[in-house]
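Remarks on the overall topology
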Amino acid sequence: MNKKRGQQSIIFSSPPVITSTANIVGPMEGEGHLTEFYDKILEDTLDGNPSWEKCESKMMEWAINTAVTKDNSILADIDYVLAGDLLNQLMSAHFALRGIGRPFLGLYGACSTMAESMLLGSTLIDGCFGNKVVAAVSSHHDAAERQYRFPTEQGVQRPMVAQWTVTGSGAAVISAIGNGPRITAATVGKIVDMGLKDPNAMGPAMAPAAADTLWHHFEDCGRQPNYYDMIYTGDLGSVGKALVIELFKAKGIDLSSNYEDCGCMIFKDDQDAHAGASGCASSAIVFTGYIYKLLMQQKLRRVLFVGTGSLHSTTSYQQKDSMPCIAHAVAIET
Amino acid sequence: MFDKEVSQAEQEKYQEKFEQLKPKTPILKNIIWAFVVGGLICMLGQFFTNYFVSLGFTPKEAGGPTSVILIFLSAFFTGLGVYDELGRRAGAGSIVPITGFANSIVAPAMEFKREGYVFGIGAKMFIIAGPVLVYGISTAIIIGFIYWLRL
(Lines give C-alpha, C1' and ligand atoms only; values in the text may rest on other atoms or scores of the structure.)
Protein backbone atom coordinates (compact mmCIF):
# COMPACT_ATOMS: atom_id res chain seq x y z
CA MET A 1 0.00 0.00 0.00
CA ASN A 2 1.34 3.37 -0.91
CA LYS A 3 1.61 5.60 2.14
CA LYS A 4 2.40 8.74 0.22
CA ARG A 5 -0.27 11.43 0.21
CA GLY A 6 -0.39 14.31 -2.20
CA GLN A 7 2.79 16.12 -3.12
CA GLN A 8 4.94 15.84 -0.03
CA SER A 9 3.22 13.90 2.73
CA ILE A 10 3.16 10.46 4.29
CA ILE A 11 0.37 8.83 6.29
CA PHE A 12 1.76 6.02 8.42
CA SER A 13 -0.28 2.81 8.27
CA SER A 14 0.81 1.57 11.71
CA PRO A 15 1.72 4.83 13.41
CA PRO A 16 4.95 4.53 15.43
CA VAL A 17 4.85 5.40 19.13
CA ILE A 18 7.08 7.90 20.90
CA THR A 19 7.70 5.78 23.98
CA SER A 20 10.12 8.04 25.82
CA THR A 21 12.03 11.29 25.59
CA ALA A 22 14.90 12.94 27.43
CA ASN A 23 16.55 16.33 27.36
CA ILE A 24 19.42 18.25 28.87
CA VAL A 25 20.03 22.01 28.74
CA GLY A 26 22.56 24.68 29.63
CA PRO A 27 22.23 27.09 32.55
CA MET A 28 20.58 29.94 30.61
CA GLU A 29 17.84 27.66 29.25
CA GLY A 30 17.39 26.33 32.78
CA GLU A 31 16.58 29.81 33.99
CA GLY A 32 13.99 30.30 31.25
CA HIS A 33 10.28 29.56 31.06
CA LEU A 34 10.36 25.76 30.88
CA THR A 35 12.62 24.86 33.84
CA GLU A 36 10.35 22.12 35.15
CA PHE A 37 10.33 20.30 31.81
CA TYR A 38 14.05 19.60 31.61
CA ASP A 39 15.62 16.37 32.85
CA LYS A 40 18.99 17.91 33.59
CA ILE A 41 20.27 21.47 33.74
CA LEU A 42 24.03 22.02 33.49
CA GLU A 43 25.67 24.46 35.88
CA ASP A 44 27.95 25.89 33.20
CA THR A 45 28.40 25.56 29.45
CA LEU A 46 31.49 23.34 29.74
CA ASP A 47 30.29 20.94 32.44
CA GLY A 48 33.86 19.87 33.16
CA ASN A 49 34.72 19.19 29.52
CA PRO A 50 37.81 20.70 27.88
CA SER A 51 35.79 22.31 25.07
CA TRP A 52 32.26 23.39 24.18
CA GLU A 53 32.14 20.90 21.34
CA LYS A 54 32.95 18.04 23.70
CA CYS A 55 30.32 19.31 26.11
CA GLU A 56 27.76 19.23 23.29
CA SER A 57 28.71 15.64 22.43
CA LYS A 58 28.41 14.60 26.05
CA MET A 59 24.98 16.21 26.26
CA MET A 60 23.78 14.24 23.26
CA GLU A 61 25.23 11.00 24.60
CA TRP A 62 23.49 11.68 27.93
CA ALA A 63 20.17 12.45 26.23
CA ILE A 64 20.27 9.25 24.14
CA ASN A 65 21.22 7.06 27.12
CA THR A 66 18.59 8.65 29.35
CA ALA A 67 15.83 8.32 26.76
CA VAL A 68 16.69 4.63 26.33
CA THR A 69 16.76 4.06 30.11
CA LYS A 70 13.40 5.83 30.54
CA ASP A 71 12.02 3.49 27.89
CA ASN A 72 13.08 0.55 30.11
CA SER A 73 15.27 -0.58 27.25
CA ILE A 74 18.95 -1.12 26.81
CA LEU A 75 21.08 0.25 23.99
CA ALA A 76 21.13 -3.18 22.34
CA ASP A 77 17.36 -2.87 21.75
CA ILE A 78 17.87 0.18 19.56
CA ASP A 79 17.92 -0.68 15.87
CA TYR A 80 18.98 2.72 14.54
CA VAL A 81 20.06 6.07 15.87
CA LEU A 82 19.26 9.08 13.70
CA ALA A 83 21.03 12.18 14.92
CA GLY A 84 22.52 15.48 13.90
CA ASP A 85 23.73 18.86 15.08
CA LEU A 86 24.93 22.21 13.74
CA LEU A 87 28.70 21.83 13.77
CA ASN A 88 30.81 21.13 10.70
CA GLN A 89 30.89 17.44 9.75
CA LEU A 90 28.28 16.75 12.48
CA MET A 91 31.07 16.77 15.02
CA SER A 92 28.87 16.54 18.11
CA ALA A 93 26.73 13.69 16.84
CA HIS A 94 29.67 11.65 15.59
CA PHE A 95 31.60 11.87 18.85
CA ALA A 96 28.45 11.27 20.90
CA LEU A 97 27.64 8.13 18.93
CA ARG A 98 31.15 6.76 19.42
CA GLY A 99 30.09 5.63 22.86
CA ILE A 100 26.66 4.34 21.84
CA GLY A 101 27.69 1.52 19.52
CA ARG A 102 24.44 1.24 17.57
CA PRO A 103 23.73 1.56 13.83
CA PHE A 104 23.76 5.25 13.09
CA LEU A 105 22.70 7.60 10.33
CA GLY A 106 23.87 11.20 10.60
CA LEU A 107 21.48 13.90 9.45
CA TYR A 108 21.97 17.54 8.64
CA GLY A 109 18.87 19.66 8.37
CA ALA A 110 20.27 22.54 10.44
CA CYS A 111 17.66 23.37 13.07
CA SER A 112 15.04 21.16 11.39
CA THR A 113 16.99 18.01 12.28
CA MET A 114 14.76 16.91 15.18
CA ALA A 115 11.66 16.79 12.98
CA GLU A 116 13.71 15.25 10.16
CA SER A 117 15.05 12.47 12.39
CA MET A 118 11.58 11.77 13.82
CA LEU A 119 10.15 11.66 10.32
CA LEU A 120 12.79 9.24 9.03
CA GLY A 121 12.68 7.21 12.26
CA SER A 122 8.94 6.75 11.87
CA THR A 123 9.42 5.72 8.26
CA LEU A 124 11.91 3.03 9.32
CA ILE A 125 9.53 1.72 11.97
CA ASP A 126 6.40 1.85 9.83
CA GLY A 127 8.31 0.20 7.01
CA CYS A 128 9.11 -2.69 9.39
CA PHE A 129 12.85 -2.12 9.17
CA GLY A 130 13.20 -2.19 12.95
CA ASN A 131 11.39 -1.92 16.24
CA LYS A 132 13.10 0.94 18.00
CA VAL A 133 14.77 4.08 16.73
CA VAL A 134 16.33 6.93 18.65
CA ALA A 135 16.06 10.42 17.17
CA ALA A 136 18.44 12.92 18.75
CA VAL A 137 19.90 16.36 18.14
CA SER A 138 22.05 18.86 19.98
CA SER A 139 23.29 22.41 19.72
CA HIS A 140 25.56 24.55 21.87
CA HIS A 141 25.45 28.33 21.96
CA ASP A 142 29.19 28.94 22.33
CA ALA A 143 30.24 26.25 19.83
CA ALA A 144 27.73 27.50 17.24
CA GLU A 145 28.62 31.13 17.88
CA ARG A 146 32.30 30.61 17.17
CA GLN A 147 31.61 28.56 14.06
CA TYR A 148 28.99 30.85 12.55
CA ARG A 149 29.64 34.30 14.00
CA PHE A 150 32.17 35.88 16.35
CA PRO A 151 34.37 34.62 19.17
CA THR A 152 32.22 34.60 22.31
CA GLU A 153 34.36 37.13 24.20
CA GLN A 154 34.20 39.59 21.32
CA GLY A 155 32.37 42.76 22.38
CA VAL A 156 29.75 42.89 19.61
CA GLN A 157 26.25 44.26 19.72
CA ARG A 158 23.66 41.75 18.50
CA PRO A 159 20.85 43.14 16.36
CA MET A 160 17.31 42.91 17.75
CA VAL A 161 16.27 40.40 15.08
CA ALA A 162 19.02 37.95 16.13
CA GLN A 163 18.18 34.80 18.04
CA TRP A 164 20.09 32.93 20.72
CA THR A 165 21.33 29.41 19.94
CA VAL A 166 20.10 26.98 22.56
CA THR A 167 22.61 24.93 24.53
CA GLY A 168 21.05 21.54 24.95
CA SER A 169 20.16 18.20 23.53
CA GLY A 170 16.96 16.21 23.14
CA ALA A 171 16.34 12.57 22.26
CA ALA A 172 13.21 10.55 21.61
CA VAL A 173 12.72 6.79 21.41
CA ILE A 174 10.30 5.84 18.64
CA SER A 175 8.96 2.29 18.85
CA ALA A 176 6.71 0.00 16.84
CA ILE A 177 4.65 -0.84 19.92
CA GLY A 178 4.22 0.71 23.34
CA ASN A 179 2.44 3.48 25.18
CA GLY A 180 2.61 7.09 24.19
CA PRO A 181 1.62 9.53 21.48
CA ARG A 182 1.82 8.27 17.92
CA ILE A 183 3.35 9.81 14.85
CA THR A 184 0.51 9.54 12.40
CA ALA A 185 1.62 11.64 9.46
CA ALA A 186 4.55 13.63 8.19
CA THR A 187 5.35 16.16 5.51
CA VAL A 188 8.77 16.38 3.92
CA GLY A 189 9.67 19.98 3.24
CA LYS A 190 11.23 21.46 0.14
CA ILE A 191 13.80 24.20 0.04
CA VAL A 192 12.36 27.70 -0.06
CA ASP A 193 14.61 30.71 -0.54
CA MET A 194 13.10 34.18 -0.31
CA GLY A 195 16.39 35.91 -1.01
CA LEU A 196 17.08 37.05 2.54
CA LYS A 197 20.81 37.42 3.11
CA ASP A 198 21.25 38.57 6.68
CA PRO A 199 22.46 35.57 8.71
CA ASN A 200 21.20 37.34 11.83
CA ALA A 201 17.66 37.12 10.51
CA MET A 202 17.27 33.34 10.33
CA GLY A 203 13.72 33.21 11.69
CA PRO A 204 12.38 35.52 8.97
CA ALA A 205 14.33 33.55 6.33
CA MET A 206 12.84 30.25 7.52
CA ALA A 207 9.26 31.45 7.95
CA PRO A 208 8.26 30.96 4.27
CA ALA A 209 9.66 27.39 4.34
CA ALA A 210 7.58 26.68 7.45
CA ALA A 211 4.48 28.21 5.87
CA ASP A 212 5.06 26.20 2.68
CA THR A 213 5.37 22.89 4.55
CA LEU A 214 2.31 23.68 6.66
CA TRP A 215 0.35 24.56 3.54
CA HIS A 216 1.26 21.32 1.79
CA HIS A 217 0.59 19.32 4.93
CA PHE A 218 -2.95 20.66 5.17
CA GLU A 219 -3.52 20.19 1.46
CA ASP A 220 -2.03 16.68 1.20
CA CYS A 221 -3.69 15.33 4.32
CA GLY A 222 -6.99 17.12 3.73
CA ARG A 223 -6.80 18.74 7.15
CA GLN A 224 -7.57 22.23 8.38
CA PRO A 225 -5.25 24.04 10.81
CA ASN A 226 -7.90 23.65 13.52
CA TYR A 227 -7.56 19.85 13.25
CA TYR A 228 -4.61 20.32 15.58
CA ASP A 229 -4.76 21.47 19.19
CA MET A 230 -1.43 23.14 18.65
CA ILE A 231 0.98 23.70 15.79
CA TYR A 232 4.58 24.28 16.85
CA THR A 233 7.37 25.50 14.63
CA GLY A 234 10.97 24.96 15.70
CA ASP A 235 12.89 28.19 15.97
CA LEU A 236 11.40 31.04 13.99
CA GLY A 237 11.51 33.44 16.92
CA SER A 238 9.08 36.29 17.42
CA VAL A 239 9.65 37.87 13.99
CA GLY A 240 9.48 34.61 12.05
CA LYS A 241 6.36 33.57 13.91
CA ALA A 242 4.64 36.86 13.06
CA LEU A 243 5.63 36.35 9.41
CA VAL A 244 4.11 32.84 9.28
CA ILE A 245 0.85 34.24 10.66
CA GLU A 246 0.99 37.02 8.04
CA LEU A 247 1.66 34.58 5.18
CA PHE A 248 -1.38 32.52 6.16
CA LYS A 249 -3.48 35.62 6.68
CA ALA A 250 -2.75 36.57 3.08
CA LYS A 251 -4.27 33.19 2.08
CA GLY A 252 -7.32 33.83 4.24
CA ILE A 253 -6.37 31.42 7.04
CA ASP A 254 -6.08 32.45 10.68
CA LEU A 255 -3.34 30.54 12.49
CA SER A 256 -2.97 32.80 15.49
CA SER A 257 -5.21 30.83 17.87
CA ASN A 258 -3.40 27.47 17.84
CA TYR A 259 0.09 28.27 16.66
CA GLU A 260 3.24 28.84 18.70
CA ASP A 261 6.97 28.79 18.00
CA CYS A 262 9.33 26.78 20.25
CA GLY A 263 11.89 29.58 19.91
CA CYS A 264 9.49 31.94 21.68
CA MET A 265 8.89 29.55 24.57
CA ILE A 266 12.37 29.02 26.01
CA PHE A 267 13.85 32.31 27.17
CA LYS A 268 12.34 35.04 29.29
CA ASP A 269 12.31 38.61 28.00
CA ASP A 270 14.91 39.79 30.51
CA GLN A 271 17.40 37.14 29.34
CA ASP A 272 18.44 39.37 26.45
CA ALA A 273 17.92 36.68 23.82
CA HIS A 274 16.30 39.28 21.52
CA ALA A 275 14.00 37.60 18.95
CA GLY A 276 14.01 34.22 20.74
CA ALA A 277 15.81 30.90 20.68
CA SER A 278 17.30 29.02 17.75
CA GLY A 279 19.40 25.94 17.08
CA CYS A 280 18.65 22.23 16.69
CA ALA A 281 17.97 21.98 20.39
CA SER A 282 15.36 24.75 20.36
CA SER A 283 12.64 22.52 18.93
CA ALA A 284 14.15 19.40 20.49
CA ILE A 285 14.12 20.48 24.13
CA VAL A 286 10.62 21.96 23.85
CA PHE A 287 9.29 18.83 22.15
CA THR A 288 11.00 16.27 24.39
CA GLY A 289 10.03 18.25 27.49
CA TYR A 290 6.97 20.46 27.42
CA ILE A 291 5.08 19.13 24.37
CA TYR A 292 5.71 15.45 25.14
CA LYS A 293 4.58 15.86 28.73
CA LEU A 294 1.36 17.59 27.68
CA LEU A 295 0.72 14.84 25.12
CA MET A 296 1.26 12.18 27.80
CA GLN A 297 -1.15 14.00 30.12
CA GLN A 298 -3.63 14.22 27.23
CA LYS A 299 -3.73 17.99 27.65
CA LEU A 300 -2.76 18.10 24.00
CA ARG A 301 -4.16 15.42 21.73
CA ARG A 302 -3.14 16.48 18.26
CA VAL A 303 0.07 18.33 17.65
CA LEU A 304 1.82 19.32 14.45
CA PHE A 305 5.53 19.70 15.08
CA VAL A 306 7.44 21.56 12.38
CA GLY A 307 11.24 21.68 12.46
CA THR A 308 12.68 24.66 10.62
CA GLY A 309 16.22 24.94 9.31
CA SER A 310 18.30 27.59 7.62
CA LEU A 311 20.68 25.70 5.35
CA HIS A 312 23.24 28.44 4.73
CA SER A 313 26.91 27.92 5.52
CA THR A 314 29.62 30.27 6.71
CA THR A 315 31.09 30.14 3.19
CA SER A 316 27.78 30.85 1.46
CA TYR A 317 27.04 34.02 3.35
CA GLN A 318 30.57 35.32 2.90
CA GLN A 319 30.00 34.79 -0.82
CA LYS A 320 26.89 36.97 -0.44
CA ASP A 321 24.46 34.16 -1.16
CA SER A 322 20.95 34.09 0.22
CA MET A 323 19.69 31.54 2.73
CA PRO A 324 17.95 28.40 1.48
CA CYS A 325 15.57 27.16 4.17
CA ILE A 326 13.59 24.04 4.87
CA ALA A 327 10.89 22.76 7.21
CA HIS A 328 9.66 19.24 7.96
CA ALA A 329 6.44 18.44 9.77
CA VAL A 330 5.39 15.48 11.89
CA ALA A 331 1.84 15.02 13.17
CA ILE A 332 1.64 13.51 16.63
CA GLU A 333 -1.63 12.29 18.06
CA THR A 334 -2.59 10.51 21.25
CA MET B 1 2.21 27.99 -1.06
CA PHE B 2 5.26 28.91 -3.13
CA ASP B 3 6.25 27.93 -6.65
CA LYS B 4 9.39 25.98 -7.38
CA GLU B 5 11.23 29.16 -8.21
CA VAL B 6 9.93 32.00 -6.08
CA SER B 7 9.50 35.00 -8.35
CA GLN B 8 11.53 38.16 -7.84
CA ALA B 9 8.32 40.09 -7.16
CA GLU B 10 7.22 37.65 -4.49
CA GLN B 11 10.66 37.77 -2.86
CA GLU B 12 10.57 41.55 -2.80
CA LYS B 13 7.05 41.57 -1.37
CA TYR B 14 8.17 39.23 1.39
CA GLN B 15 11.30 41.23 2.15
CA GLU B 16 9.16 44.34 2.42
CA LYS B 17 6.87 42.58 4.88
CA PHE B 18 9.94 41.52 6.86
CA GLU B 19 11.22 45.08 7.00
CA GLN B 20 7.86 46.16 8.43
CA LEU B 21 7.91 43.51 11.16
CA LYS B 22 11.62 43.76 11.93
CA PRO B 23 12.12 44.91 15.52
CA LYS B 24 13.43 48.45 15.69
CA THR B 25 16.95 49.01 16.93
CA PRO B 26 16.74 51.07 20.13
CA ILE B 27 18.85 53.80 18.52
CA LEU B 28 18.60 56.42 21.27
CA LYS B 29 19.45 53.94 24.01
CA ASN B 30 22.38 52.59 21.98
CA ILE B 31 23.67 56.08 21.24
CA ILE B 32 23.57 57.07 24.89
CA TRP B 33 25.38 53.89 25.93
CA ALA B 34 27.98 54.37 23.19
CA PHE B 35 28.47 58.03 24.13
CA VAL B 36 28.88 57.35 27.84
CA VAL B 37 31.09 54.25 27.58
CA GLY B 38 33.16 55.61 24.68
CA GLY B 39 33.54 58.88 26.57
CA LEU B 40 34.60 57.15 29.77
CA ILE B 41 37.23 55.08 27.96
CA CYS B 42 38.64 58.26 26.35
CA MET B 43 38.52 60.04 29.70
CA LEU B 44 40.50 57.22 31.23
CA GLY B 45 43.04 57.63 28.43
CA GLN B 46 43.20 61.37 29.06
CA PHE B 47 43.76 60.70 32.75
CA PHE B 48 46.79 58.50 31.98
CA THR B 49 48.11 61.02 29.43
CA ASN B 50 47.89 63.83 31.98
CA TYR B 51 49.63 61.65 34.53
CA PHE B 52 52.54 60.90 32.18
CA VAL B 53 52.78 64.58 31.20
CA SER B 54 53.00 65.45 34.90
CA LEU B 55 55.96 63.03 35.10
CA GLY B 56 57.77 65.11 32.48
CA PHE B 57 56.76 63.38 29.19
CA THR B 58 55.75 65.59 26.28
CA PRO B 59 52.07 65.09 25.29
CA LYS B 60 53.24 63.24 22.17
CA GLU B 61 55.47 60.90 24.16
CA ALA B 62 52.69 60.27 26.69
CA GLY B 63 50.56 58.68 23.94
CA GLY B 64 52.71 55.53 23.88
CA PRO B 65 52.43 54.44 27.53
CA THR B 66 48.76 55.52 27.60
CA SER B 67 47.94 53.17 24.71
CA VAL B 68 49.88 50.37 26.38
CA ILE B 69 47.87 50.73 29.59
CA LEU B 70 44.52 50.88 27.75
CA ILE B 71 45.39 47.83 25.67
CA PHE B 72 46.44 45.97 28.79
CA LEU B 73 43.21 46.84 30.61
CA SER B 74 41.10 45.79 27.64
CA ALA B 75 42.92 42.46 27.30
CA PHE B 76 42.62 41.93 31.04
CA PHE B 77 38.88 42.56 31.11
CA THR B 78 38.35 40.45 27.98
CA GLY B 79 40.08 37.63 29.85
CA LEU B 80 37.78 38.14 32.81
CA GLY B 81 34.79 37.92 30.46
CA VAL B 82 33.65 41.47 31.16
CA TYR B 83 34.46 43.29 27.93
CA ASP B 84 31.92 41.39 25.79
CA GLU B 85 29.21 42.31 28.30
CA LEU B 86 30.23 45.94 27.92
CA GLY B 87 30.31 45.68 24.11
CA ARG B 88 26.87 44.12 24.03
CA ARG B 89 25.44 47.34 25.43
CA ALA B 90 27.90 50.01 24.34
CA GLY B 91 28.36 48.89 20.72
CA ALA B 92 30.65 51.30 18.90
CA GLY B 93 31.40 53.00 22.22
CA SER B 94 33.65 50.11 23.18
CA ILE B 95 34.59 48.89 19.68
CA VAL B 96 36.04 52.09 18.22
CA PRO B 97 38.60 53.00 20.92
CA ILE B 98 41.93 51.16 20.99
CA THR B 99 40.47 48.93 23.73
CA GLY B 100 38.01 47.48 21.20
CA PHE B 101 40.88 46.63 18.88
CA ALA B 102 42.68 44.84 21.73
CA ASN B 103 39.48 42.97 22.55
CA SER B 104 39.15 41.80 18.95
CA ILE B 105 42.61 40.22 19.15
CA VAL B 106 42.40 38.72 22.63
CA ALA B 107 38.90 37.25 22.14
CA PRO B 108 39.83 34.95 19.22
CA ALA B 109 43.17 34.15 20.85
CA MET B 110 41.31 32.87 23.92
CA GLU B 111 38.71 31.10 21.86
CA PHE B 112 41.05 29.20 19.57
CA LYS B 113 43.56 28.15 22.23
CA ARG B 114 41.89 24.72 22.16
CA GLU B 115 43.09 24.23 18.59
CA GLY B 116 46.71 24.68 19.72
CA TYR B 117 49.29 27.47 19.79
CA VAL B 118 50.14 27.42 16.08
CA PHE B 119 46.94 26.70 14.15
CA GLY B 120 44.76 27.96 16.95
CA ILE B 121 46.04 31.11 18.61
CA GLY B 122 48.68 31.90 16.00
CA ALA B 123 46.46 31.52 12.97
CA LYS B 124 43.19 32.81 14.38
CA MET B 125 44.32 35.71 16.57
CA PHE B 126 43.95 38.30 13.80
CA ILE B 127 40.77 36.89 12.31
CA ILE B 128 38.86 40.07 13.23
CA ALA B 129 41.70 42.57 13.57
CA GLY B 130 43.50 41.37 10.42
CA PRO B 131 41.27 43.23 7.94
CA VAL B 132 41.56 46.37 10.08
CA LEU B 133 45.34 46.16 9.86
CA VAL B 134 45.39 45.40 6.13
CA TYR B 135 43.14 48.31 5.19
CA GLY B 136 44.46 50.61 7.92
CA ILE B 137 48.04 50.19 6.76
CA SER B 138 47.06 50.39 3.07
CA THR B 139 45.19 53.63 3.70
CA ALA B 140 48.14 55.01 5.64
CA ILE B 141 50.46 54.26 2.70
CA ILE B 142 48.10 55.98 0.22
CA ILE B 143 47.67 59.03 2.47
CA GLY B 144 51.44 59.13 3.02
CA PHE B 145 51.99 59.07 -0.74
CA ILE B 146 49.52 61.92 -1.29
CA TYR B 147 51.23 63.90 1.47
CA TRP B 148 54.64 63.27 -0.14
CA LEU B 149 53.35 64.44 -3.58
CA ARG B 150 52.01 67.69 -2.13
CA LEU B 151 55.42 68.50 -0.69
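Residues numbered from 1 in each chain as written. Chains lettered and ligands numbered in written order. Predicted model: local features only at pLDDT ≥ 70, side-chain atom pairs only at ≥ 80, totals over all residues. Heavy atoms only, no water.

1. Concerning the overall build of chain B
Within chain B, the secondary structure is distributed over 8 helices and 0 strands. The helix and strand sequence of chain B, counted from the amino end, reads α-α-α-α-α-α-α-α. A compact globule built from 151 residues would reach a C-alpha radius of gyration of about 15 Å, whereas chain B, at 22 Å, exceeds it by more than 25%. Overall, chain B is about 75 × 45 × 40 Å in size when its C-alpha atoms are taken along their principal axes. For chain B, buried positions account for 28% of its 151 residues. Taking the intrachain contacts of chain B between residues at least 6 apart in sequence as the baseline, contacts between residues at least 24 apart amount to 51%. Roughly 10,200 Å² of accessible area belongs to chain B as shown, and the carbon and sulfur atoms make up 71% of that amount. Taken as two groups, the 13 positive and 11 negative side-chain charges of chain B have centres that lie 6 Å from each other. (Helix = DSSP H or I, 4+ residues; strand = E, 2+ residues; numbered from the N terminus. Rg over C-alpha atoms; globule rule 2.2 N^0.38 Å. Buried < 20%, exposed > 50% of the residue type's maximum accessible area, 1.4 Å probe, protein only. Contact = heavy atoms within 4.5 Å. Areas by Shrake-Rupley, 256 points an atom, 1.4 Å probe, with all protein chains shown as cover. Lys, Arg positive; Asp, Glu negative; His and termini not counted. Charge placed at Lys NZ, Arg CZ, Asp CG, Glu CD.)

2. A look at helix α3 (residues 59–79) of chain B
Residue and element names in this part refer to chain B. The end-to-end C-alpha distance of α3, which contains 21 residues, comes to 30 Å, matching closely the 30 Å that a straight helix rising 1.5 Å per residue would cover. What α3 keeps buried is the set A62, T66, L70, S74 and T78. Buried residues belonging to α3 abut α2 (27–54), α4 (83–90) and α6 (98–111). Count one or two residues on from α3 and you reach G81, which has phi positive near 80°. (Expected span 1.5 Å × (residues − 1).)

3. Here's the deal with the environment of S73(A)
All names here are of chain A. If you trace the backbone, S73 turns up in the loop between α2 (52–70) and β5 (80–84). S73 sits in the buried class, given a relative accessible area of 14%. When the C-alpha atoms of S73 and I245 are compared, they prove to be 41 Å apart, with 172 residues separating the residues in sequence. Discounting chain neighbours no more than four positions away, the residues touching S73 are V68 and K132. Of note is the side chain of S73, whose polar atom sits 2.6 Å from the side chain of D71. (Polar contact = N/O pair within 3.5 Å; in protein donor to acceptor, adjacent residues only side chain to side chain.)

4. Observations concerning the packing of α2(A) against helix α5 (residues 141–148) of chain A
Residue and element names in this part refer to chain A. In contact at an axis separation of 8 Å, α2 and α5 are set at 130° when each is read in the N-to-C sense. In terms of their interaxial angle, α2 and α5 are classed as oblique. When the axes of α2 and α5 are compared, the crossing they make is left-handed. Along its contact with α2, which presents W52, E53 and E56, the element α5 presents D142, A143 and R146. Its residues assigned to classes, the contact of α2 with α5 shows 2 nonpolar, no polar and 4 charged. (Axes fitted to C-alpha atoms, helices over the stretch in contact; angles between N-to-C directions. Parallel < 35°, antiparallel > 145°, perpendicular 65-115°, else oblique. Left-handed = near helix turned anticlockwise from the far one by under 90°. Nonpolar A, V, L, I, M, F, W, Y, C, P; charged D, E, K, R; others polar.)

5. So, the nonpolar core
Counting residues in each nonpolar core, the largest one holds 53 residues, and the members touching the most others are M118(A), Y232(A), I291(A), F305(A) and I332(A). Broken down by element, the residue count for this core peaks at 10 residues, all from helix α8 (residues 280–296) of chain A. Beyond its immediate stretch of four places on either side in the chain, F305(A) contacts M114(A), A115(A), M118(A), Y232(A), C262(A), S283(A), F287(A), I291(A), H328(A), A329(A), V330(A) and I332(A). Counting 41 residues, the second largest nonpolar core, distinct from the first, contains M194(A), L196(A), C221(A) and Y14(B). (Core = buried A, V, L, I, M, F, W, Y, C linked by side-chain atoms within 4.5 Å.)

6. A closer look at the packing of aromatic side chains
Aromatic ring pairs are reported here in terms of the distance separating the ring centres and the angle at which the planes meet. According to the stated counting rule, one finds 11 aromatic pairs over all chains in the structure shown. Centre to centre, the rings of F37(A) and Y290(A) are 5.2 Å apart; their planes meet at 85°, and the pair counts as edge-to-face. In this pair, F37(A) is assigned in the loop between α1 (27–30) and β4 (40–41) and Y290(A) in helix α8, connecting sequence segments 253 residues apart. Overall, the relative accessible area of 14% leaves F37(A) in the buried class. An angle of 70° between the planes, with centres 5.5 Å apart, marks the rings of F52(B) and F57(B) as edge-to-face. Residue classification places F57(B) among the partly exposed positions, given a relative accessible area of 33%. Grouping aromatic residues by their ring pairs yields a cluster made of W215(A), F218(A) and F248(A). Just above the ring of W215(A) sits the side chain of K251(A); from NZ or CZ to the centre is 5.3 Å. In this arrangement the basic side chain of R114(B) is found over the ring face of W52(A), its NZ or CZ atom lying 4.4 Å from the centre. (Phe/Tyr/Trp six-rings, centres within 6.5 Å; stacked < 30°, edge-to-face > 60°. Lys NZ or Arg CZ within 6 Å of the ring centre and 35° of its normal.)

7. Comments concerning the interface of chain A and chain B
A common way to express how large an interface is: the accessible area buried when the components associate. At the junction of the two partners, chain A supplies 39 residues and chain B supplies 36 residues. Taken together, both faces of the contact between chain A and chain B bury some 3,300 Å²; the carbon and sulfur share is 61%. Seen at the junction of chain A and chain B, the total is 3 salt bridges. Two residues, K17(B) and E246(A), come together in a salt bridge whose shortest N-O distance is 3.2 Å. (Buried area = accessible area lost by both parts, 1.4 Å probe. Salt bridge = Lys/Arg side-chain N within 4 Å of Asp/Glu carboxyl O.)

8. Some thoughts on empty space enclosed by the protein
It is the rolling of a water-molecule-sized probe over the atoms that shows where space remains empty. Throughout the structure, instances matching the rule amount to 1 cavity of 30 Å³ or more. Computed from the structure, the largest cavity encloses a volume of approximately 90 Å³. When the residues that make up the lining of the largest cavity are grouped by side-chain class, the tally is 7 nonpolar, 5 polar and 1 charged. (1 Å grid on protein atoms, 1.4 Å probe; cavity = no way out; pocket = protein on both sides within 12 Å on 5 of 7 lines; lining within 4 Å. Points joined across faces, edges and corners; volume = space filled by probe spheres on them.)

9. Some remarks on the packing of helix α4 (residues 113–126) of chain A against α8(A)
Residue and element names in this part refer to chain A. Between α4 and α8, the least distance of the axes is 7 Å, while the angle of their chain directions is 60°. By the criterion of interaxial angle, the relationship of α4 to α8 is oblique. Facing T113, M114 and M118 of α4, the residues of α8 in contact are C280, S283, A284, F287 and T288. The residue makeup of the contact of α4 with α8, split by class, is 5 nonpolar, 3 polar and no charged.

10. Here's the deal with the pattern of salt bridges
Residue and element names in this part refer to chain A. A complete count under the given rule lists 16 salt bridges over all chains for this structure. Between K70 and D39 there is a salt bridge, with its nearest N and O atoms 3.0 Å apart. On the criterion of sequence distance, the pair formed by K70 in helix α2 and D39 in the loop between α1 and β4 is long-range, its members being 31 residues apart. By relative accessible area, which is 42% here, K70 ends up partly exposed. Residue E260 pairs with K241 through a salt bridge whose shortest N-O separation is 3.1 Å.

11. Concerning unusual backbone geometry
Residues and elements named next belong to chain A. We note that A110 has phi near 50°; this positive angle belongs to a residue other than glycine. Position of A110 among the secondary structure elements: in the loop between β6 (104–106) and α4. With a relative accessible area of 1%, A110 lands in the buried category.

Function-wise, these values are silent; they only describe arrangement.
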